[in-house]
Amino acid sequence: MKMLKFLMIAFMVTVFTSQGQAQEKNWTGTWQYSAPSADYPYQNGKIIFSGEEKELKVVLETNGRKIEARNIKAAKNQVSFDLTIEGELIKVSLQVKDKKLTGTASYSGGEIALSGKRPA
């Protein structure tokens, strides 16, 4: 009976670990984003996710600028991070579903809707 319990626990740990890794890999890579209500230079660009496990890195590329994110938190199909653009703190919250990004960027002036997809 103890052996059966041990095998069940080992199986569950393996399943949950592999699911967590698969979900995290959903983020990695380059995404084209669109934020139509943002100021002109920031309406379109790329969000690049790189790294592994708890070391996820995020860079926003727009109009030839690269802006590194900080305070990155990823769990399941959601990720959040902070950016500083032109001295303004921007809090970004995204989720991935059906190979698409959706979310918001919050700043002192309100919220801006974001969407994204991987380049074809």
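These numbers were taken from a predicted model, which means no experiment stands behind them.

Quick notes on the rules
Residues numbered from 1 in each chain as written. Predicted model: local features only at pLDDT ≥ 70, side-chain atom pairs only at ≥ 80, totals over all residues. Heavy atoms only, no water. Helix = DSSP H or I, 4+ residues; strand = E, 2+ residues; numbered from the N terminus. Buried < 20%, exposed > 50% of the residue type's maximum accessible area, 1.4 Å probe, protein only. Polar contact = N/O pair within 3.5 Å; in protein donor to acceptor, adjacent residues only side chain to side chain. Contact = heavy atoms within 4.5 Å.

Asks: Just give me the short version of the side chain of D82, but keep the residues and values in it.
Replies: Position of D82 among the secondary structure elements: in strand β6 (residues 78–85). Looking at D82, the relative accessible area reads 8%, which means it is buried. Among the polar contacts listed, one links the side chain of D82 to the side chain of N71, at a separation of 2.8 Å. For D82, the contacting residues outside a window of four places in its chain are E68, A69, R70, N71, L89, I90 and K91.

Asks: Residues and numbers for the environment of A74, please.
Replies: Mapped onto the fold, A74 is located in strand β5 (residues 70–75). Expressed as a C-alpha distance, the spacing of A74 and W27, which sit 47 residues apart in the sequence, is 9.1 Å. Aside from chain neighbours lying at most four places away, what touches A74 is L56 and V79.

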